[in-house]
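The primary structure of each chain is shown beneath.
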Amino acid sequence: MKNSEMDDLMDFQGKGADDTDEGIGMCGWILTAISWLIVIVTLPFSLCVCFKVVQEYERAVIFRLGRLLQGGSKGPGIFFVLPCIESYQKVDLRTITLGVPPQEVLTKDSVTVSVDAVVYYRVSNATVSVANVENAHHSTRLLAQTSLRNILGTKNLHEILSDRESISLAMQTILDEATAAWGIKVERVEIKDARLPEQLQRAMAAEAEAAREARAKVIAAEGEKKASGALRDASEIISESSSALQLRYLQTLNSISAEKNSTIIFPLPMDLVKNMVE
């Protein structure tokens, strides 16, 4: 991280002045000498003001007379600040969770949907995050909202509901490229929820129910077709042997008696009924 901060810091300084020490001028040198004189005269009380401490997860960006000091950010641990002419700003390097508020978006197929997301990012370069942008966290928040709306506007509704992973990756790529100049590293983006209007939810539920009923009818019809084929095969087998019909009759009586039913059905041969009718 130190090497990258040094490179970015040199690039940033190269745009303004050639060197910090050379750019402070005679007045700057006089103020620096006076500051050191104050520190020496007020020893040891001045040490309480000059020595600062930053935590392991923090870095301090120091400005002397409004200009960045060479060497990049300081920390973690103790660092020295001259009174009156130097100021510093702490930068937290821990991963920050950013909740993107729900965005009302018109999809590619003209459907209004409300989508929210979560962005995980951290400051990768403390010096650049302070020097190149006024408020890196606020800028990242606004950019995340805009990027989410732009990406969802190019997707259909079924893509938003079923392909959230690709949307998250595309949003992460866009944010990471845009915030690199701000010293921000986007680690992960997740789509939390996609809320549809109630009327659209009812319409989609009715459509899904109709589709399920249609599939159920098709399955029932296929079952009837297979059952009729099986009955036809069974009738052909029974017609080939008279004893098979008698065995089937006895099996039916056995099934009726197993249910403790007193009703007994006696089948009559169709030939006998035909002769009686004639």
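Remember, predicted model here, so these are calculated numbers, not experimental data.

Here's the deal with the pattern of salt bridges
Pairs may arise between side chains of opposite charge once their charged atoms sit close together.
Stage number 1. Summed over the entire model, instances satisfying the criterion amount to eight salt bridges.
Stage number 2. In this structure, Arg122 and Glu187 form a salt bridge, with 2.7 Å as the shortest nitrogen-oxygen distance. Taken together, the residues span a long stretch of sequence, with Arg122 in strand E7 (residues 112-123) and Glu187 in strand E8 (residues 184-195) at a distance of 65 residues.
Stage number 3. The partner of Arg232 in a salt bridge is Asp233, and the shortest N-O contact between them spans 3.8 Å.
Stage number 4. Classification of Arg232 as exposed rests on a relative accessible area of 52%.
Stage number 5. Each of Asp116, Asp193 and Arg195 takes part in one network of salt bridges that share partners.

Points about the sheet that holds strand E6 (residues 96-106)
Stage number 1. Taken together, the three strands give an open sheet; going across it, the order is E6-E7-E8, and neighbouring strands pair in antiparallel fashion. Each end of this open sheet is capped by a strand with a single partner; those strands are E6 and E8. Taking each pair of neighbouring strands and ignoring which way they run, the sheet shows an average axis angle of 25 degrees.
Stage number 2. When E6 meets E7, the two strands line up antiparallel, connected through nine bridges. Within E7, the residue paired with Gln103 across the bridge is Val115.
Stage number 3. Of the strands in this sheet, E6, E7 and E8 touch helix H6 (residues 136-152), which is tilted by about 35 degrees from E6.

What about the environment of Val189?
Stage number 1. Mapped onto the elements of the fold, Val189 is located in strand E8.
Stage number 2. Taking the C-alpha atoms as reference points, Val189 and Thr173, 16 residues apart in sequence, are found 9.5 Å from one another.
Stage number 3. If near-sequence neighbours (up to four positions away) are discounted, Val189 is found in contact with Val118, Val119, Ser168, Met171, Gln172 and Leu175.

The rules behind the values
Residues numbered from 1 in each chain as written. Predicted model: local features only at pLDDT ≥ 70, side-chain atom pairs only at ≥ 80, totals over all residues. Heavy atoms only, no water. Salt bridge = Lys/Arg side-chain N within 4 Å of Asp/Glu carboxyl O. Helix = DSSP H or I, 4+ residues; strand = E, 2+ residues; numbered from the N terminus. Buried < 20%, exposed > 50% of the residue type's maximum accessible area, 1.4 Å probe, protein only. Pairing = 2+ DSSP bridges. Axes fitted to C-alpha atoms, helices over the stretch in contact; angles between N-to-C directions. Contact = heavy atoms within 4.5 Å.

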